[in-house]
Amino acid sequence: MTGSFSFAGFAQLMLFSMVPFVLAAQGTMLGGRAGVFNVAQEGIMLASASLGFLVAFKTGSVALGFGSAMVLGGLSGLVLSLGSTILGMNQFVIGITLTLAGLGLSTLMPKLAIGVTLTPPLAPTLTNNPIPFLGKMPVLGEVLFRQNVLVTFTVLVSIALWYVLFRTSAGLILRATGENPMAVDALGLDVFRIRHIAVMIGGMLIGLAGAYLPLAYTGTFTEGMVKGRGWLSIALAFFGGFEPGRIFWGGLFFAAVEVLAYRVQIGGSWVPYQFILMLPYLATMGVMALSSRRSRIPGFLGKNYDRERRSTSSQGQG
Amino acid sequence: MPDRPCESGFLLRQASGGGFLPAKRPLTWLVVGLATFGITVLVLAALGPDVPRAIATIATTSFRTRNGFVQTLLKLVPVSLMAFAFTIPLGAGKYNIGGEGQLLAGAIGATAVGLFAASLPRPLLVPFVLLVGVVMGSLWGFVPGWLLHRFGVHEILTTVLMNFVALHLVNYVAADLWPDPFAGHPTTIPIAREAFLPLLLVRPPLHCGPVIAILVGVAVWIYCCHTVAGFELAACGANPRASKVFGIDVRRASLSSLMIGGGLAGLAGALEVAGVHHRLLEGMQSNFQTLGILTGLIAGGDPRRVLPVAFFLSVLEVGAGALQRTMRAPIEVVFLVEAFVLVAVLVSDRAGRWRS
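Residues numbered from 1 in each chain as written. Chains lettered and ligands numbered in written order. Predicted model: local features only at pLDDT ≥ 70, side-chain atom pairs only at ≥ 80, totals over all residues. Heavy atoms only, no water.

When helices and strands are tallied, chain B shows 14 helices and two strands. Going through the 356 residues of chain B one by one, you find that 60% of them count as buried. Taking as baseline every contact in chain B between residues at least 6 positions apart, the subset at least 24 positions apart corresponds to 75%. Accessible surface, chain B: about 14400 Å² in total, of which carbon and sulfur atoms supply 69%. (Helix = DSSP H or I, 4+ residues; strand = E, 2+ residues; numbered from the N terminus. Buried < 20%, exposed > 50% of the residue type's maximum accessible area, 1.4 Å probe, protein only. Contact = heavy atoms within 4.5 Å. Areas by Shrake-Rupley, 256 points an atom, 1.4 Å probe, with all protein chains shown as cover.)

A few words on the overall build of chain A. From N to C terminus, chain A includes 12 helices and zero strands. When the helices and strands of chain A are read in sequence order from the N terminus, they spell out α-α-α-α-α-α-α-α-α-α-α-α. In terms of overall dimensions, chain A is globule-like: its C-alpha atoms have a radius of gyration of 20 Å, near the 20 Å expected for 318 residues. Along the three orthogonal principal directions, the C-alpha set of chain A runs to about 65 × 45 × 45 Å. Taking all 318 residues of chain A together, the buried fraction comes to 56%. Pairs at least 24 apart in sequence give 77% of the contacts found in chain A among residues at least 6 apart. Of the roughly 13200 Å² of accessible surface on chain A, a fraction of 69% belongs to carbon and sulfur atoms. With 20 positive and 10 negative side-chain charges, chain A shows a spacing of 5 Å between the two charge centroids. (Rg over C-alpha atoms; globule rule 2.2 N^0.38 Å. Lys, Arg positive; Asp, Glu negative; His and termini not counted. Charge placed at Lys NZ, Arg CZ, Asp CG, Glu CD.)

The term disulfide refers to a covalent linkage connecting the sulfur atoms of a pair of cysteines. Summed over all chains, the structure comprises zero disulfides over all chains. With no disulfide of its own, Cys224(B) lies 5.8 Å from the sulfur of Cys225(B), the closest cysteine sulfur. (Disulfide = S-S within 2.5 Å.)

Think of interface size as the accessible area that goes away when the parts come together; that is how it is often given. Each partner contributes to the interface: chain A provides 46 residues, whereas chain B provides 46 residues. The junction of chain A with chain B conceals about 4000 Å² of combined surface from both sides, 76% of it contributed by carbon and sulfur atoms. By the criterion of area lost to chain B, the three top residues of chain A are Leu100(A), Trp231(A) and Met285(A), representing 16% of everything that side buries. Linking chain A with chain B are zero salt bridges, by the criterion used here. Summed over the shared surface of chain A and chain B, the number is four residue pairs in polar contact (both at pLDDT 80 or more). Only α4 (91–113), α10 (229–239) and α12 (273–291) of chain A provide two or more residues apiece to the side of chain A that touches chain B. Among the elements that make up the side of chain A that touches chain B, the one with the highest residue count is α4(A) (12 residues). (Buried area = accessible area lost by both parts, 1.4 Å probe. Salt bridge = Lys/Arg side-chain N within 4 Å of Asp/Glu carboxyl O. Polar contact = N/O pair within 3.5 Å; in protein donor to acceptor, adjacent residues only side chain to side chain.)

Looking now at a positive patch on the surface. The grouping of Arg293(A), Arg150(B), Lys244(B) and Arg251(B) at the surface amounts to a positive patch. Tracing the backbone shows Arg251(B) in helix α11 (residues 250–277). (Patch = residues over 30% accessible without salt bridge, like charges linked within 9 Å, V, L, I, M, F, W, Y side chains within 5 Å.)

Before going further, it helps to spend a moment on empty space enclosed by the protein. Residues and elements named next belong to chain A. A full pass over the atoms with the stated rule returns two cavities of 30 Å³ or more. In this structure, the largest cavity spans a volume of roughly 60 Å³. Taken together, Phe21, Leu232, Phe253, Phe254, Val257, Pro280, Ala283, Thr284 and Val287 make up the full set of residues lining the largest cavity. When contributions to the lining of the largest cavity are tallied by element, the ones reaching two or more residues are α11 (244–267) and α12. Of the residues forming the lining of the largest cavity, the biggest block, four residues, is contributed by α12. Split by residue class, the lining of the largest cavity holds eight nonpolar, one polar and no charged. By volume, the second largest cavity amounts to about 40 Å³. (1 Å grid on protein atoms, 1.4 Å probe; cavity = no way out; pocket = protein on both sides within 12 Å on 5 of 7 lines; lining within 4 Å. Points joined across faces, edges and corners; volume = space filled by probe spheres on them. Nonpolar A, V, L, I, M, F, W, Y, C, P; charged D, E, K, R; others polar.)

Next up on the list: the packing of helix α8 (residues 209–226) of chain B against α11(B). All names here are of chain B. Packing of α8 against α11 leaves a shortest axis separation of 11 Å and a crossing angle of 170°. Taken together, the axes of α8 and α11 are roughly antiparallel relative to one another. For the pair α8 and α11, contact is made by Gly209, Ile212, Val216, Val220 and Tyr223 and by Ile260, Leu264, Leu267 and Leu271, respectively. Of the residues in the contact of α8 with α11, the class split is eight nonpolar, one polar and no charged. (Axes fitted to C-alpha atoms, helices over the stretch in contact; angles between N-to-C directions. Parallel < 35°, antiparallel > 145°, perpendicular 65-115°, else oblique.)

Another point: helix α3 (residues 51–64) of chain B. The end-to-end C-alpha separation of α3(B) is 19 Å, in line with the 20 Å expected for 14 residues at 1.5 Å each. Within α3(B), the full set of buried residues consists of Val51(B), Ala54(B), Ile55(B), Thr57(B), Ile58(B), Thr61(B) and Ser62(B). (Expected span 1.5 Å × (residues − 1).)

All names here are of chain A. Under the defined criterion, the tally for this structure stands at 20 aromatic pairs over all chains. Geometrically, the ring pair formed by Phe21 and Phe254 is edge-to-face, given 5.9 Å between the ring centres and 65° between the ring planes. Taken together, the residues Phe21 in helix α1 (residues 7–33) and Phe254 in helix α11 connect sequence positions 233 residues apart. Taken individually, Phe21 and Phe254 each receive the classification buried, so the pair is uniform in this respect. (Phe/Tyr/Trp six-rings, centres within 6.5 Å; stacked < 30°, edge-to-face > 60°.)

Counting residues in each nonpolar core, the largest one holds 193 residues, and the members touching the most others are Met18(A) and Trp231(A). If you tally residues by element for this core, the top one is α1(A), at 15 residues. When neighbours within four sequence positions are excluded, Trp231(A) is seen to be in contact with Val39(A), Glu42(A), Thr99(A), Ile97(B), Ile156(B), Leu157(B), Val160(B), Leu161(B) and Phe164(B). (Core = buried A, V, L, I, M, F, W, Y, C linked by side-chain atoms within 4.5 Å.)

Below, the discussion takes up the pattern of salt bridges. The full count for this structure, using the stated rule, is four salt bridges over all chains. With a shortest N-O distance of 3.0 Å, Glu258(A) and Arg229(A) are connected by a salt bridge. Taken together, the residues Glu258(A) in helix α11 and Arg229(A) in helix α10 connect sequence positions 29 residues apart. Taking the relative accessible area as the measure of exposure, Glu258(A) reaches 18% and is therefore buried. Residue Arg304(B) is joined to Asp302(B) by a salt bridge in which the shortest nitrogen-to-oxygen separation is 3.0 Å. Judged by its relative accessible area of 2%, Asp302(B) falls in the buried class.

Next up on the list: the confidence of the model for chain B. In low-pLDDT regions, the fine details of the predicted coordinates are not to be read closely. All names here are of chain B. Scored by pLDDT, chain B comes out at a mean of 86, with 89% of its residues at no less than 70. Within chain B, the lowest mean pLDDT, 46, falls on helix α1 (residues 9–15), and the highest, 96, falls on helix α5 (residues 99–116). Within the model, the stretch residues 1–6 combines pLDDT values under 50 with 10 contacts to residues more than four positions away or in other chains. Scoring the predicted complex yields pTM 0.89 and, for the interface, ipTM 0.87. (pLDDT = per-residue confidence, 0-100.)

A few words now on the side chain of Ser48(A). Residue and element names in this part refer to chain A. You can see Ser48 is positioned in helix α2 (residues 41–59). Ser48 sits in the buried class, given a relative accessible area of 0%. Apart from the residues within four sequence positions on either side, Ser48 is in contact with Phe53, Ala69, Leu72, Ile206, Gly207, Gly210 and Ala211.

What follows is the structure, given as C-alpha cells:
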C-alpha cells in the first residue's frame, strides 16, 4: 500500500465501481425472480458498452448513449424471454448464444461506425454532480454526495426494487412466478407476460451497467472491457440470494475487492501483480462456495413453464 | 429413444420438452442453408464489397490452394476439441464455458514440459507434453467441478471465472516467468525442438494434430454412446433424479464430465503449443472457445456431428481471414453468419416440432 492511501478516496472509488456490479446483478435478480435465468450479462454489457459509447461519441450526449444501451439491453432481455417462453428453448442455450452475439457485435459496431483509428476516439463522460449543501460536508460529502448521477440512481433503484418486491402485490406476484408459476397461472395471471416484463426491465439495467464502463470510466470502448464483470454480477445475484438489499451490500464488497486489487497493483507488492488481478475472480469463487448453503434462490430459476404439461412434478424439467 | 441411439442425455431431456434438438429433416437444413446464404449476401451488400467475389473468397479459400486447406485443418484441431470440451459436460447437463482457461492451462503445462524436460527421448517427450496439457486442462475443469460437487456452486459461473484466472496466469508466465526478451509481446522462450509435434507435411507445415483430433472424435463417440460410463453421463443429463434412484453418483458424474471436457481443451492448448506456436504466447486462445461452443450447439451435442460442423466453421473462418486481407472486409462478418446459422438451427427445430 502506498502512503497516499486515504479512506475517503477508497470509499469514493468503491461507490463509483459498485455501479456496474449492482445494476447488472439487480437486472439478473429481476429476471431470476420471474424464473428466467439470464446468463448473457457479459455479452449484453459488452454490446451495450459498445453501442452506448458509439451513440455518445456521434451525438455528444451521454444521456443518449445510456438510453441506447438500455434499449439494446431491453431487447436482448426480450429475446431471452420470448425464446424461452413462446419457443420453449433452453434458457442457458439462448443465454450463451446472446453472449456470443454480444461479443461479436461489440467489436463489429465500432469498426463499421468509426473504423480503425490510431488514437482512441473519446466520447463525453459522466461528470460528478455534487448535491447542494450535502456535497460540502468534509469526508462524508466527498464519499457520498459528490458522485455521478448513476451512483445515486443505483442506490435509489436498489431501494425501489426492495420496496416493489417485498411491499407491493405486484412484487408478490413476481416472486410467486419464480417460485411456483403453476399457482400464478391458477390465479388467472399470464406467466409469460410477467416474465417478459421482468426480464426486459432486467435487461435494461444490465445494458445501463455495460454503458457505464465507457461512459464513466474511460471515455472510450476497448475490446473485452467488461472483463468478467457480467459473470461476476451473476455471482453477486446468487451471493445476495436474489434480494435487492443484500445484492447492494454484496456489490460494495465486490467493488472493494476490485479497487483493492487495483490499488495493490499500482502500489506494488512482493506478489506478482497478475496474481493480485486474479483476486476478484478467486474471491468470488470463495464467497460463492461459502454462501451457497445459506443463500436462497427462486425455486423455478432457469426452468421453463409449460401450461400444457399436467403433472406438477414434470414441470420445469427443461 | 430407440431411434436416437447416440443422443446425449441433455438432448433426451430437451426432447421431452423445453429445449432444443438439431433439425433432422433434410428440408429444414435446406431452409437453414438458404436463409444463411441470403443473410450473408445482405450483410456483404451492406458493407460494400463485390458480393459474388466475396462469397467466392469465403467458400473457396480452403479448397483452392494447398495452403488454404492446411490452414483449415489446423483450425479444425482446436475448434473441434473445444467443441468436445463443451458438449461432453453438456451431455451430463453441465455448462462448461471455461474452455478458454482450460486450453491456456494446458498450454502452460505443455510449455513447461517443452522447456524443462527436453532431455527426455523424443518418443517419450511429445506424448509427455500432450499428457501434461491434458492434466492441466483437467485440473482447470476440476476446480469448478469440485465447487459444484462440494458446495453446489453453479458451474456456468465458476468455469468462466477460471478463464480470467488463466488469462492472468498466462500473462505472468509469458511476461515475467520465462519471457522472451526479444519479443514485443508477452511470449515465452521457444520450447525444445524435440518437443515439436511430428509433421505430416513439411511445406506448408502441417502437424499431426488433425489426426489426433479425429482419433479423439472417435474415442468420444465410443465413450458417449457405447460405454457404461458414457451412458451414466447421459442418464444424469436426461434425468438426474431417476439416475440417483438407480444408484448412479450424479454429482461425481458432473465432476468427471467437467474434468474430461477440461482435459480435451487442455489437449487443444498443448497441441497449439507443440504444433503451431512452439511457445506460450498471450492471445493464443484466439476465438476458439466461441467457435467451439458454436460448433457444439450447431451439432446439437452429438459427437458424430462435431467434426463435420467444426470443419464447416473452419472453412468459414479461413475464408473470412482471406476476405479481410484481400477485400478489407471486417472479419466479424463471418461471425454474423455463424451466429445466424446457430439461431436458424435452434429456431427451425422448434418450428419443425410444432408441425409434427
